[in-house]
Amino acid sequence: MADVKKVKSPMKDIRIAKLVINCCVGESGDQLTRAERVLTELSGQKPVFSKARLTVRTFSIRRNEKIACHVTVRGAKAEKILEKGLNVKEFELKSKNFSQTGNFGFGIDEHIDLGIKYDPSIGIFGMDFYIVLERPGFRVSRRKRFRSRIGVNHKITKEDSVEWFKTKFGGTVVDY
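Residues numbered from 1 in each chain as written. Predicted model: local features only at pLDDT ≥ 70, side-chain atom pairs only at ≥ 80, totals over all residues. Heavy atoms only, no water.

Re the overall build of the protein
Right, on to step 1. Counting its regular elements, the protein contains three helices and seven strands.
Right, on to step 2. Each helix and strand of the protein, placed in order from N terminus to C terminus, yields the pattern β-α-β-β-α-β-β-β-α-β.
Right, on to step 3. A principal-axis box enclosing the C-alpha atoms of the protein has dimensions of 70 × 40 × 30 Å.
Right, on to step 4. Looking at the protein as a whole, 38% of its 176 residues qualify as buried.
Right, on to step 5. For the protein, contacts bridging at least 24 residues in sequence account for 61% of all contacts bridging at least 6.
Right, on to step 6. Accessible surface, the protein as shown: approximately 11500 Å² in total, 50% of it carbon and sulfur.
Right, on to step 7. Within the protein, one finds 35 positive and 21 negative side-chain charges whose respective centroids are separated by 11 Å. (Helix = DSSP H or I, 4+ residues; strand = E, 2+ residues; numbered from the N terminus. Buried < 20%, exposed > 50% of the residue type's maximum accessible area, 1.4 Å probe, protein only. Contact = heavy atoms within 4.5 Å. Areas by Shrake-Rupley, 256 points an atom, 1.4 Å probe, with all protein chains shown as cover. Lys, Arg positive; Asp, Glu negative; His and termini not counted. Charge placed at Lys NZ, Arg CZ, Asp CG, Glu CD.)

See the structure below:
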């Protein structure tokens, strides 16, 4: 009985569900189209524009004005882009970058650090990376038929995502 090994369940493996890259410019027009070009070059996909929820007169932003663009990347491409982004951060994140639901995010100041060649006509943009993690079986909460909840033991916690980050990327978490 003592030599029985406990096998790790493949349903407990954590993977990247999606990577969302957001580039908020704060104004519509030429600046936003240049940010769109940067995200297209980075991801190979067409970004979606985000609109302002309310008018802020001090920033001269009107309601429903396009002020940001974002792109959602999945699969192996998401992992490759995340590797570039973490390389900029030197694989070091703060513990407050991780949420209680097991997701994490961080920001970079200059897109040229990701390996994109600098173009004076475009300029330099900062962007936010947000990573959503999942386990096999998370589809039960999103499917149309027989939708159900994810069990409390199957949910991803902050500790699970920190451990996944450390093992997958060999990163370090500060203030943890």
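Following the structure, the description resumes.
Digging into the nonpolar core
Right, on to step 1. Judged by nonpolar contacts, the single largest core of 39 residues is most densely connected at Ile 21, Met 127, Phe 129 and Ile 131.
Right, on to step 2. When residues of this core are traced back to their parent elements, those giving at least two are β1 (15-24), α1 (30-43), β3 (66-73), α2 (75-88), β5 (104-108), β6 (127-134) and α3 (158-169).
Right, on to step 3. Considering every element that reaches this core, the biggest residue donor is α1, with five residues.
Right, on to step 4. Once you skip the residues sitting within four places of it in the chain, Met 127 turns out to touch Ile 21, Asn 22, Cys 23, Val 38, Leu 39, Leu 42, Phe 106, Gly 107, Ile 108, His 111 and Leu 114. (Core = buried A, V, L, I, M, F, W, Y, C linked by side-chain atoms within 4.5 Å.)

Regarding the environment of Lys 66
Right, on to step 1. You can see Lys 66 is positioned in strand β3.
Right, on to step 2. Separated by 37 residues in the primary sequence, Lys 66 and Gly 29 place their C-alpha atoms 8.4 Å from one another.
Right, on to step 3. Each residue touching Lys 66, except ones within four places of it in the same chain, is listed here: Glu 27, Ser 28, Leu 32, Phe 49, Ser 50 and Lys 51.

Some remarks on the sheet that holds β6
Right, on to step 1. With antiparallel pairing, the five strands of this open sheet are ordered in space as β2-β3-β1-β6-β5. Edge positions in the sheet fall to β2 (48-51) and β5, since each has one partner strand and no second. Strand after strand, the sheet turns through a mean of 25 degrees between neighbouring axes, direction not considered.
Right, on to step 2. Pairing analysis gives four bridges linking β2 to β3, with the strands arranged antiparallel. (Pairing = 2+ DSSP bridges. Axes fitted to C-alpha atoms, helices over the stretch in contact; angles between N-to-C directions.)

Observations regarding the pattern of salt bridges
Right, on to step 1. Counted by the stated rule, this structure contains six salt bridges.
Right, on to step 2. With a shortest N-O distance of 3.5 Å, Asp 160 and Arg 135 are connected by a salt bridge. Placement of Asp 160 in helix α3 and of Arg 135 in the loop between β6 and α3 is noted, with a sequence separation of 25 residues between them.
Right, on to step 3. Given the relative accessible area of 26%, Asp 160 is considered partly exposed.
Right, on to step 4. A residue is classified by how much of its surface remains accessible, and Arg 135, at 5% relative accessible area, is buried.
Right, on to step 5. Several salt bridges share partner residues, and in doing so they unite Arg 15, Glu 134 and Arg 142 into one network. (Salt bridge = Lys/Arg side-chain N within 4 Å of Asp/Glu carboxyl O.)

Points about α1
Right, on to step 1. Here α1 contains 14 residues, and its C-alpha end-to-end distance of 20 Å stays within 8% of the 20 Å for a straight helix at 1.5 Å per residue.
Right, on to step 2. Of all the residues in α1, the buried ones are Leu 32, Arg 34, Ala 35, Glu 36, Val 38, Leu 39, Leu 42 and Ser 43.
Right, on to step 3. Where α1 terminates, the next one or two residues include Gly 44, which has phi positive at roughly 80 degrees. (Expected span 1.5 Å × (residues − 1).)

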